[in-house]
Amino acid sequence: MDGVLIESEEVWDTVREEYVRERGGRYDAGVQHAMMGMSSVEWSRYLHEAAGVADEPEQINDEVVRRMLAAYREHLPLVPGAAEAVRRVAARYPLALASSSNRPLIDTVLEVAGLTDCFEATVSSEEVARGKPAPDVYLEAARQLGVPPGRCAAVEDSHSGIRSAKSAGMRVVVFPNPSYPPDEEALAQADVVIRSLDVLTPELIGGGSA
């Protein structure tokens, strides 16, 4: 969802940085990079233990999510072409969402974007044992779809997401996040790289060329 459907990393970054600094913690590029792909359980604990935020992890999570929900309801930063791409692919294949975002954020984004009915399953990494780059969230998404992971394709934008989907045994289509691009090592694992969601078609998902 983040970076593919919505341009949210900037929102996450702004919200968490503001919150961490308010609470007297440390926020820099290293902290931001470390949290990409983490589940809410993991990043809230990370902010408490590594970034010096005194609040308990549960409090950190609740307050950040509250601020994120408010930001999305005020303005949902949809990636250009995202809604059209979802509807295009959903017309041919069953879709699942495998996201590091919290459940309330997933539900709100899909509701505001009018895309809820396009997805047969949605999974938050807070609902599985480990967040990305572990494969857990993708394996659970495939399980809920009733499709073997090897017959699934994942659309990803980040280094941790690419590694997660690849570890699950999926074909990986990478739409690189322009603000927080995946590292070269992760990008090398992509089956195909696209620069616009306009070329994300059922044929590409199924193994055709962009």
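Before any of the text, the structure's been laid out above.
Reference entry: report on the structure contained in this document. (Residues numbered from 1 in each chain as written. Predicted model: local features only at pLDDT ≥ 70, side-chain atom pairs only at ≥ 80, totals over all residues. Heavy atoms only, no water.)

### A word on the environment of Gly131
Thinking step 1. Mapping Gly131 onto the fold places it in the loop between β2 (121-124) and α7 (136-145).
Thinking step 2. Of the residues examined, Gly131 reaches a relative accessible area of 4% and is grouped as buried.
Thinking step 3. In this structure the C-alpha to C-alpha distance between Gly131 and Glu17, which are 114 residues apart in sequence, comes to 21 Å.
Thinking step 4. Those residues in contact with Gly131 that sit more than four places away from it in its chain are Gly37, Ser39, Glu42 and Ser125. (Helix = DSSP H or I, 4+ residues; strand = E, 2+ residues; numbered from the N terminus. Buried < 20%, exposed > 50% of the residue type's maximum accessible area, 1.4 Å probe, protein only. Contact = heavy atoms within 4.5 Å.)

### A few points about the packing of helix α4 (residues 57-74) against helix α6 (residues 103-113)
The relative placement of two packed helices is expressed as an angle between their axes plus a distance between the axes.
Thinking step 1. At their nearest, the axes of α4 and α6 sit 10 Å apart, and the two run at 5° to each other. With respect to α6, the element α4 is oriented roughly parallel. Within the contact between the two elements, α4 uses Val65, Met68, Leu69, Tyr72 and Arg73 and α6 uses Pro104, Leu105, Thr108, Val109, Glu111 and Val112.
Thinking step 2. Here the contact of α4 with α6 is built from residues that sort into eight nonpolar, one polar and two charged. (Axes fitted to C-alpha atoms, helices over the stretch in contact; angles between N-to-C directions. Parallel < 35°, antiparallel > 145°, perpendicular 65-115°, else oblique. Nonpolar A, V, L, I, M, F, W, Y, C, P; charged D, E, K, R; others polar.)

### Some words on the pairing of strand β3 (residues 153-156)
Thinking step 1. Along β3, the buried face is formed by Ala154 and Glu156; none of Ala153 and Val155, which line the opposite face, is buried.
Thinking step 2. Note: β3 against strand β4 (residues 171-174), four bridges, orientation parallel. Bridge pairing in β4 links Glu156 to Val174.
Thinking step 3. As for the winding sense of the linkage, the β-α-β connection from β3 through helix α8 (residues 159-167) to β4 is right-handed. (Pairing = 2+ DSSP bridges. Right-handed = clockwise from strand over helix to strand, strands pointing away.)

### Things to note about the pairing of strand β1 (residues 96-99)
Thinking step 1. With four bridges connecting them, β1 and β2 associate as parallel partners. Paired with Ser99 across the two strands is Ser124, which belongs to β2.

### Thoughts on the side chain of Ser100
Thinking step 1. Secondary-structure assignment places Ser100 in the loop between β1 and α6.
Thinking step 2. Its relative accessible area of 15% is what places Ser100 among the buried residues.
Thinking step 3. Looking at Ser100, its side chain comes within polar contact range of the main-chain oxygen of Gly37, at 3.0 Å.
Thinking step 4. If we ignore the near neighbours within four places in the chain, the residues touching Ser100 are Gly37, Met38, Ser39, Ser40, Ser125 and Lys132. (Polar contact = N/O pair within 3.5 Å; in protein donor to acceptor, adjacent residues only side chain to side chain.)

### Notes on the nonpolar core
Thinking step 1. In this structure, Leu5, Leu47, Phe119 and Leu200 are the most contacted members of the largest nonpolar core, which totals 46 residues.
Thinking step 2. Residue assignment for this core shows that the elements contributing at least two residues are α1 (9-22), α2 (29-35), α3 (40-49), α4, α5 (82-90), α6 and α10 (202-205).
Thinking step 3. The contacts of Leu200, once residues within four sequence positions are left out, are Ala85, Arg88, Val89, Val155, Val173, Ile194 and Ile205. (Core = buried A, V, L, I, M, F, W, Y, C linked by side-chain atoms within 4.5 Å.)

### Observations concerning unusual backbone geometry
Thinking step 1. Of note, the bond from Lys132 into Pro133 is cis; its omega dihedral lies within 30 degrees of zero at 15°.
Thinking step 2. Checked against the element boundaries, Pro133 lands in the loop between β2 and α7.

By themselves, these are just geometric observations and shouldn't be taken as functional.
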